[in-house]
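Each chain, letter by letter, is given below.
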Amino acid sequence: MTTTAPPVLPATGRTAPSGGAGRSGSVAWMALPALLMFFFFGIVPLFGVLFLSFTQWDGLGAIHPAGFDSWRSVLDDPALPHTIWVTFEIMILSWVVQTPISMLIGTFLAGRQRYRGFLAVLFFIPLLLSSAAIAITYKALLDPNFGLGPGLKIGFLTQDWLGNGTLALGVVVFVVSWQFIPFHSLIYQGGVRQIPTSMYEAAAIDGAGRMRQFFSITVPQLKYTILTSSTLILVGSLTFFDLIFVLTAGGPGDATRVLALDMYKRGFQANLMGPASVIAVLLVLFGLALALLLRRLGGSLTASQQEGA
């Protein structure tokens with residue numbers, strides 16, 4: 001007696017709905033509020049500033065079309081190259097100061113000792129303070145007549161820090177770095193804690209000391225963290241305004257006059273919203289160029305790493 005296999009039903013062409021499509025759709029809806037916020041508070045103001053850069057407006061009255069007059073007045077200004085130079089000078093010096101110090105502090109705070117938690121809170125305090133309050137405090141401490149230097153009879157501190165162009169620029173870089181090093185230290189602390197401890201254990205077995213481990217393991221493993229921190233430092237330096245405005249007001253002369261401060265003085269002191277909007281557009285273009293350059297650098301690092309592998 002033989003048995004026959006049951007007939008195979010033909011395929012209907014329908015497939016069961018996958019859960020991935022539903023999840024992706026729900027994720028898209030969850031991202032919609034953030035996209036709307038970015039559109040209304042990012043894209044719309046950007047196009048508004050671009051529109052104002054081709055107009056003549058005092059901030060109160062009617063807006064009149066001006067063509068490229070505002071652009072010509074800003075780009076033909078002989079003080080613009082110096083302002084751009086000061087902006088990028090503060091940017092580079094801030095990066096040079098903040099990056100190594102933040103990396104060292106972040107690596108130190110990544111340890112597991114109990115007292116390091118207290119130090120982490122202590123180091124984070126400058127970031128919690130107002131930039132205007134920090135500027136007022138340092139302005140009082142560096143006063144050549146009634147500041148910290150004359151009070152403690154320290155000759156090095158008893159000088160006109162904010163009256164000399166070179167010294168004032170150094171003070172701005174120091175104060176900015178003092179305020180934002182805690183934030184970048186926190187970024188590096190998180191990056192160091194992501195490094196597998198087995199790498200350090202293997203290096204210790206091979207006889208590598210702390211310095212060798214830092215430069216051979218920690219720094220290479222933090223390359224993407226360094227890229228992220230550098231992007232925040234360089235792009236964020238374009239928007240320094242409140243601290244410089246309170247500390248030096250762009251002086252002495254134009255020694256610390258950056259683009260953001262120049263934008264404020266044109267727009268809210270001279271009531272020239274058109275030229276101020278032109279500088280705002282330039283700041284956006286510089287920021288985008290820096291971000292794309294650093295992103296390109298990150299891509300080249302990934303490609304070189306894959307080729308080396």
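This text goes with the structure placed above it.
Residues numbered from 1 in each chain as written. Predicted model: local features only at pLDDT ≥ 70, side-chain atom pairs only at ≥ 80, totals over all residues. Heavy atoms only, no water.

A. Expanded view of the overall build of the protein chain. The helix and strand inventory of the protein chain stands at 13 helices and two strands. When burial is assessed residue by residue, the protein chain has 33% of its 309 residues classed as buried. In the protein chain, once contacts between residues fewer than 6 apart in sequence are set aside, the share between residues at least 24 apart is 66%. When the accessible surface of the protein chain is summed, it comes to about 19100 Å², and 70% of that surface belongs to carbon and sulfur atoms. (Helix = DSSP H or I, 4+ residues; strand = E, 2+ residues; numbered from the N terminus. Buried < 20%, exposed > 50% of the residue type's maximum accessible area, 1.4 Å probe, protein only. Contact = heavy atoms within 4.5 Å. Areas by Shrake-Rupley, 256 points an atom, 1.4 Å probe, with all protein chains shown as cover.)

B. Highlighting the nonpolar core. Ranked by internal contacts, the top residues of the largest apolar core, which has 20 residues, are Ile90, Val171, Val175, Ile244 and Leu247. Secondary-structure elements contributing two or more residues to this core are helix 3 (80–109), helix 5 (131–141), helix 7 (165–193) and helix 11 (242–247). Looking at this core, the element that brings in the most residues is helix 7, giving six residues. Contacts of Leu247, omitting those with residues within four sequence positions, involve Ala135, Tyr138, Lys139, Leu162, Val171, Val172 and Val175. Ranked by size, the runner-up nonpolar core spans 15 residues in total, among them Val74, Leu238, Ile279 and Leu283. (Core = buried A, V, L, I, M, F, W, Y, C linked by side-chain atoms within 4.5 Å.)

C. A look at helix 4 (residues 114–128). Taking 1.5 Å of rise per residue, the 15 residues of helix 4 would be expected to cover 21 Å, and the 23 Å separating its terminal C-alpha atoms lies within 8% of that figure. Burial in helix 4 covers these residues: Arg116, Leu119 and Pro126. An end-on view of helix 4 places all buried positions within 60 degrees of arc, on one side of the element. What points out from helix 4, more than 90 degrees from its buried face, is the exposed set Arg114, Phe118, Val121 and Leu128. In this structure, the buried residues of helix 4 make contact with helix 3, helix 5 and helix 7. (Expected span 1.5 Å × (residues − 1). Arc of directions from axis to C-beta.)

D. Inspection of the environment of Lys223 at higher detail. Relative to the assigned elements, Lys223 resides in helix 10 (residues 223–236). Spatially, the C-alpha atoms of Lys223 and Gly191 are 9.5 Å apart, while their sequence positions differ by 32 residues.

E. Spotlight on helix 10. Along its 14 residues, helix 10 runs 20 Å from first to last C-alpha, staying within 8% of the 20 Å computed at 1.5 Å per residue. Listing the buried residues of helix 10 in full gives Thr225, Ile226, Leu227, Ser229, Ser230, Ile233 and Leu234.

F. Just the pattern of salt bridges, in detail. In total, this model carries five salt bridges according to the counting rule given. The partner of Arg72 in a salt bridge is Asp69, and the shortest N-O contact between them spans 2.6 Å. Placement of both Arg72 and Asp69 in helix 2 (residues 69–75) is noted, with a separation of three residues, approximately one turn of the helix. Among the residues examined, Arg72 registers a relative accessible area of 46% and is labelled partly exposed. (Salt bridge = Lys/Arg side-chain N within 4 Å of Asp/Glu carboxyl O.)

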